[in-house]
Amino acid sequence: MQSTVVFGFFFILNILIGIIFGNLSFLGFLATVINTLISIAVIIVWIVSMIKAYQGQIYKWPWAGDFAERQVK
């Protein structure tokens, strides 16, 4: 559930930035830069999550872990 919350957030954020900045031609470059930074953050979150899972640790991301736990209960 935590993975769905985290990556769903990043997915929606990517779409919103594309919609907000993509329509303005002079801000198209800014949208590309922001989406690239978001993609890098997604890769970092994904790698950290995989490492924690491989080590057998239960790791909760600060904002998503508690939300996901409440949804499951």
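Report on the accompanying structure. The shown structure was predicted, so the numbers you read here are calculated from the model rather than taken from an experiment.

**What to know about the pattern of salt bridges**
Inference 1: The tally for this structure, following the rule as stated, stands at two salt bridges.
Inference 2: Here lysine 60 makes a salt bridge to glutamate 69, at a shortest N to O gap of 3.0 Å.
Inference 3: For lysine 60, a relative accessible area of 40% gives the class partly exposed.
Inference 4: For glutamate 69, a relative accessible area of 35% gives the class partly exposed.
Inference 5: Residues participating in the shared-partner salt-bridge network are Lys60, Asp66 and Glu69.

What counts, and at which threshold
Residues numbered from 1 in each chain as written. Predicted model: local features only at pLDDT ≥ 70, side-chain atom pairs only at ≥ 80, totals over all residues. Heavy atoms only, no water. Salt bridge = Lys/Arg side-chain N within 4 Å of Asp/Glu carboxyl O. Buried < 20%, exposed > 50% of the residue type's maximum accessible area, 1.4 Å probe, protein only.

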